[in-house]
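# Chains, contacts and geometry: an overview
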Amino acid sequence: MAEGPKCAACGSPDLRPHLRVAGDMGDEGLIPTTDRFGTALSDIVRCASCGHMQLARMPSDAELESGYAVAASDDYVAEEAGQRETARRMLARIEAHALRRGAILDLGCWVGFLLAEARERGWREPVGIEPSGFASAYARDRLALDVRTDDLFTVPLPEHHFDAVVLGDVIEHLPHPGEALDRIAALLGPGGVAWFALPDAGSRVARVLAARWWSVIPTHVQYFTRGSITTLLERHGFTVLEIATAPKAFSVEYYLSRLEGYSKPTGRALVRGARSLGVAERMWAPDFRDRMMVIARR
Ligand SMILES: [Zn+2]
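The numbers attached to residues start from 1 for each chain and follow its sequence in the written order. For this predicted model, a pLDDT threshold of at least 70 governs which residues receive local features, and a threshold of 80 or more governs which side-chain atom pairs are given and counted, while totals over whole chains, interfaces and linings are taken from all residues. With hydrogens and water stripped out, all remaining heavy atoms of the structure feed into the side-chain values.

### Thoughts on the sheet that holds strand β5 (residues 125-129)
What counts, and what does not: Here, any two strands with at least 2 DSSP bridges between them count as paired. Runs of H or I in DSSP of at least four residues are treated as helices and runs of E of at least two as strands, each being numbered from the N terminus. Here, axes are lines fitted to C-alpha atoms. For helices the fit covers the stretch in contact, and angles between N-to-C directions go from 0 to 180 degrees. Contacts: residue pairs with any heavy atoms within 4.5 Å of one another.
Ordered in space as β6-β5-β4-β7-β8-β13-β10, the seven strands form an open sheet in which the pairing is mixed. Each edge of the open sheet carries a strand with a single partner, namely β6 (146-148) and β10 (239-245). The mean angle between the axes of side-by-side strands here comes to 15°, regardless of whether they run parallel or antiparallel. Where strand β8 (residues 188-199) and strand β13 (residues 291-297) come together, seven bridges link them in antiparallel fashion. For Val193, the partnering residue across the bridge sits in β13 and is Arg297. Sitting on the sheet, helix α6 (residues 177-187) touches β4 (103-107), β7 (162-168) and β8, and the angle it makes with β8 is about 145°. Docked against the sheet, helix α8 (residues 226-235) engages β8, β10 and β13, running at close to 160° with respect to β10.

### Digging into the nonpolar core
Short version of the rule: To define a nonpolar core, start from buried Ala, Val, Leu, Ile, Met, Phe, Trp, Tyr and Cys residues and group those joined through side-chain atoms within 4.5 Å. A 1.4 Å probe rolled over the protein chains alone gives each residue an accessible area, and that area as a share of the maximum for its type sets the label: buried under 20%, exposed over 50%, partly exposed in between.
Counting residues in each nonpolar core, the largest one holds 36 residues, and the members touching the most others are Leu105, Leu107, Val165, Ile171, Ile184, Phe196 and Phe238. Contributing elements (two or more residues each) for this core: β2 (44-47), β4, β5, β7, α6, β8, α8 and β13. Sorting elements by how many residues they give to this core places α6 first, with five residues. If near-sequence neighbours (up to four positions away) are discounted, Phe196 is found in contact with Leu167, Ile171, Leu181, Ile184, Leu233, Met292, Met293 and Val294. Ile94, Trp110, Leu114 and Trp195 belong to the second-largest nonpolar core, a separate cluster that totals 29 residues.

### Brief notes about the pattern of salt bridges
Applicable threshold: Think of a salt bridge as a Lys or Arg side-chain nitrogen and an Asp or Glu carboxyl oxygen that are within 4 Å of each other.
By the definition in use, this model includes twelve salt bridges. Its salt-bridge partner being Glu80, residue Arg84 comes within 2.8 Å of it at the nearest N-O pair. Highlighted residues: Arg84 and Glu80, both in helix α3 (residues 80-97), separated by four residues, approximately one helical turn. Using a relative accessible area of 17% as the deciding quantity, one classes Arg84 as buried. Look at Glu80 and you get partly exposed, because its relative accessible area is 25%. Here the residues in one salt-bridge network are Glu80, Arg84, Arg88 and Glu117, joined through shared partners.

### A closer look at the packing of aromatic side chains
The condition that has to hold: Pairing of aromatic side chains here covers Phe, Tyr and the six-membered ring of Trp, requires ring centres within 6.5 Å, and sorts the geometry by plane angle: under 30 degrees stacked, over 60 edge-to-face, intermediate tilted.
Considering all chains together, one arrives at three aromatic pairs under this definition. Measuring from centroid to centroid gives 6.3 Å for Phe113 and Tyr138, while their planes differ by 85°, and the two rings are edge-to-face. Taken together, the residues span a long stretch of sequence, with Phe113 in helix α4 (residues 113-120) and Tyr138 in helix α5 (residues 133-143) at a distance of 25 residues. Judged by its relative accessible area of 11%, Tyr138 falls in the buried class.

The quantities given are spatial measurements derived from coordinates; they are silent on function.
Encoded structure:
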């Protein structure tokens, strides 16, 4: 008998149908921001044992890699102020647990705003890996960061070296998140901490919106809850130090324009309204409590 799919968090084979959201990734490809809420690469199943949710059929690594390599989005550059403010808040949490501001590795660093902020705060060795050619070139050329264009989990890096390894909005994209944790464990030095930011599929907003939740998008293959990410980390030898909500700061205009994913006329009208009121550029970090950060030590 062929071995069927198992829960990526706890390993249970008891996966049950949960959300019917199968679609295709469309012409946009695997861009990190999308208006195509409520569409995934296959239907979503839920683990009867731990509550973790994941795609019923995982895309192949090749499918994902080819998409990420060409990913480009102007949104995340235009929203630099918000990205940096979010990064500072997250770094403060990491610094509360890290032994020192030494070597910090950002796996999937995108254009590098978190690393740039870490450098500002005295981290001695900020290093980033980013598969997107556009984003990694931005980090190197515009921010003068040590960022390599490469695969996150096969790139050669010094082992037992890093004081912090961070993955912001990455683990929910990985078909094999447990293998990623083993790699991170090998990269962390003594007392080093791992930090993750990811959607919280167990949050009230996620449960109420279900298939219409804004984190149900074609590039997400895992839907962790606080319980299931803890289960996965513990199975790979990590101890969770802190779990908290992790709201993102964006301009008011960005948030309102996201509403176009639900209704284009409404989103556009709200953006026009915000511009006319002069508040479109204002920073806003509403906490929908559906995005979490997890800090763990190996
Ligand atoms: Zn499970």
